[in-house]
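Chain by chain, the residues:
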Amino acid sequence: MDRVALYIKNLEEALDSLVLRDGSYKHIVDLAKAYLKDSEYYYSTGDRETALATVSYAEGLLDALKLIGVADFKWKKPSEIKNVKRVMVAGTFEIIHPGHLEYLKKAWNMGYVIAVVSSDENAERTKKRKIIIPQQQRAEVLASLYYVHDVVLGRPGNIFDIFHSVKPDIVLLGPNQGVSESVVREEAKKRGVEVEVIRLENLKNCELCSTTKIIEKILSTFNAANKY
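- The name given to the chain in an unreviewed UniProt entry is Cytidyltransferase, with the source organism recorded as Pyrobaculum aerophilum.

Shown next, in the form of structure tokens:
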């Protein structure tokens, strides 16, 4: 994890531990959170300089609140943050829904989240249908989410070749991803990477927690409307 990523992760954990003693300063905390989101976005796009600037703004706000005695939190030492595990998630992420958010939040609770967005070619092979939203747009939406630290574009071909560049400590699989934990471990090992593979146990239960269901709902709604 590089230095900017360490600052971002430290800020996240400081905000999680923050106790605000005076509610009239909540807008300052909200501003720090907004700067954090900006920093995560710029970092995911490769703009390390802007990411460093925005995370520094947020750190200054929190330090000011602590200095005047209205907030309490803890900054960790860099050596403590360096032990954060790199958690890889992967998918099409075509239409973001609550199921995706639960998956990403689980990964975020485990460490530093790297989201791999499948190429259009690989996604179409897996889904057995035409992909509506192109990879670059899917990646842009994913990069804006709070629970994602970095976004990597998957390439056409063997999906496991991504291990060469990502080198995760943990791979988190979704409940309905059609690959076994043992296969992921074996494929990673072939590429010189030892990983812990964890599977999210259950899908989030909601009416439209599926891209397929969302597409079907849209089609049925428009088809019904066109009858009149």
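Remarks on the UniProt feature "domain: DUF357" (unreviewed entry) in the chain
Here is step 1: Here, UniProt's "domain: DUF357" (unreviewed entry) annotation points to residues 7–70.
Here is step 2: Secondary structure over residues 7–70 splits into 78% helix and 3% strand, and the C-alpha atoms at its two ends are 23 Å apart.

Here's the deal with empty space enclosed by the protein
Here is step 1: Applying the stated criterion across every chain, the model contains one cavity of 30 Å³ or more.
Here is step 2: Lys37, Glu40, Tyr41, Ala143, Ser144, Leu145 and Tyr146 together form the lining of the largest cavity.
Here is step 3: In terms of residue count, helix α2 (residues 26–44) provides more of the lining of the largest cavity than any other element does, three residues in total.
Here is step 4: Residues that form the lining of the largest cavity fall into these classes: four nonpolar, one polar and two charged.
Here is step 5: Residues from two domains meet in the lining of the largest cavity; each of domain 1 (3–76) and domain 2 (85–219) gives at least three.

Describing the packing of aromatic side chains
Remark: the centre distance and the inter-plane angle together describe each pair of aromatic rings, the angle taken between the planes.
Here is step 1: In this structure the tally under the stated criterion is six aromatic pairs.
Here is step 2: Arranged with centres 5.1 Å apart and planes meeting at 85°, the rings of Phe73 and Trp75 form a pair that is edge-to-face.
Here is step 3: Take Phe73: its relative accessible area is 5%, and that puts it in the buried class.
Here is step 4: Classification of Trp75 by relative accessible area gives partly exposed; the value is 26%.
Here is step 5: Sitting over the ring of Trp108, Lys9 keeps its end group 5.7 Å from the ring centre.

Description of the pairing of strand β7 (residues 196–199)
Here is step 1: Of the pairings in the sheet, the one linking strand β6 (residues 170–173) to β7 comprises four bridges and is parallel in character. The partner of Leu172 across the bridge, within β7, is Ile198.
Here is step 2: In this fold, β6 hands off to helix α9 (residues 181–190), which returns the chain to β7; that crossover is right-handed.

Observations concerning the layout of surface pockets
Vacant regions in the atomic arrangement are exposed by a probe of water-molecule size rolled over the atoms.
Here is step 1: Here the second largest pocket defines a volume of roughly 160 Å³.
Here is step 2: In this structure, the second largest pocket is lined by Tyr41, Ser44, Thr45, Gln136, Ala139, Glu140, Ala143, Val151, Val152 and Leu153.
Here is step 3: Within the residue set of the lining of the second largest pocket, elements represented by two or more residues are α2, α7 (135–143) and β5 (150–153).
Here is step 4: Broken down by element, the residue count for the lining of the second largest pocket peaks at four residues, all from α7.
Here is step 5: Of the residues that constitute the lining of the second largest pocket, the class distribution is six nonpolar, three polar and one charged.
Here is step 6: For the lining of the second largest pocket, the two domains that each supply at least three residues are domain 1 (3–76) and domain 2 (85–219).

Describing the pattern of salt bridges
Here is step 1: Counting across every chain of the model gives 10 salt bridges.
Here is step 2: For Asp30, the salt bridge goes to Lys26, with nearest N and O atoms at 2.9 Å. Here the residue Asp30 and the residue Lys26 both occupy positions in helix α2, the gap between them amounting to four residues, near one helical turn.
Here is step 3: The class for Lys26 is partly exposed, based on a relative accessible area of 47%.

Definitions and cut-offs
- Residues numbered from 1 in each chain as written.
- Predicted model: local features only at pLDDT ≥ 70, side-chain atom pairs only at ≥ 80, totals over all residues.
- Heavy atoms only, no water.
- UniProt positions renumbered as here; feature names shortened; annotations may be inferred.
- Helix = DSSP H or I, 4+ residues; strand = E, 2+ residues; numbered from the N terminus.
- 1 Å grid on protein atoms, 1.4 Å probe; cavity = no way out; pocket = protein on both sides within 12 Å on 5 of 7 lines; lining within 4 Å.
- Points joined across faces, edges and corners; volume = space filled by probe spheres on them.
- Nonpolar A, V, L, I, M, F, W, Y, C, P; charged D, E, K, R; others polar.
- Domains from an automatic or database assignment.
- Phe/Tyr/Trp six-rings, centres within 6.5 Å; stacked < 30°, edge-to-face > 60°.
- Buried < 20%, exposed > 50% of the residue type's maximum accessible area, 1.4 Å probe, protein only.
- Lys NZ or Arg CZ within 6 Å of the ring centre and 35° of its normal.
- Pairing = 2+ DSSP bridges.
- Right-handed = clockwise from strand over helix to strand, strands pointing away.
- Salt bridge = Lys/Arg side-chain N within 4 Å of Asp/Glu carboxyl O.

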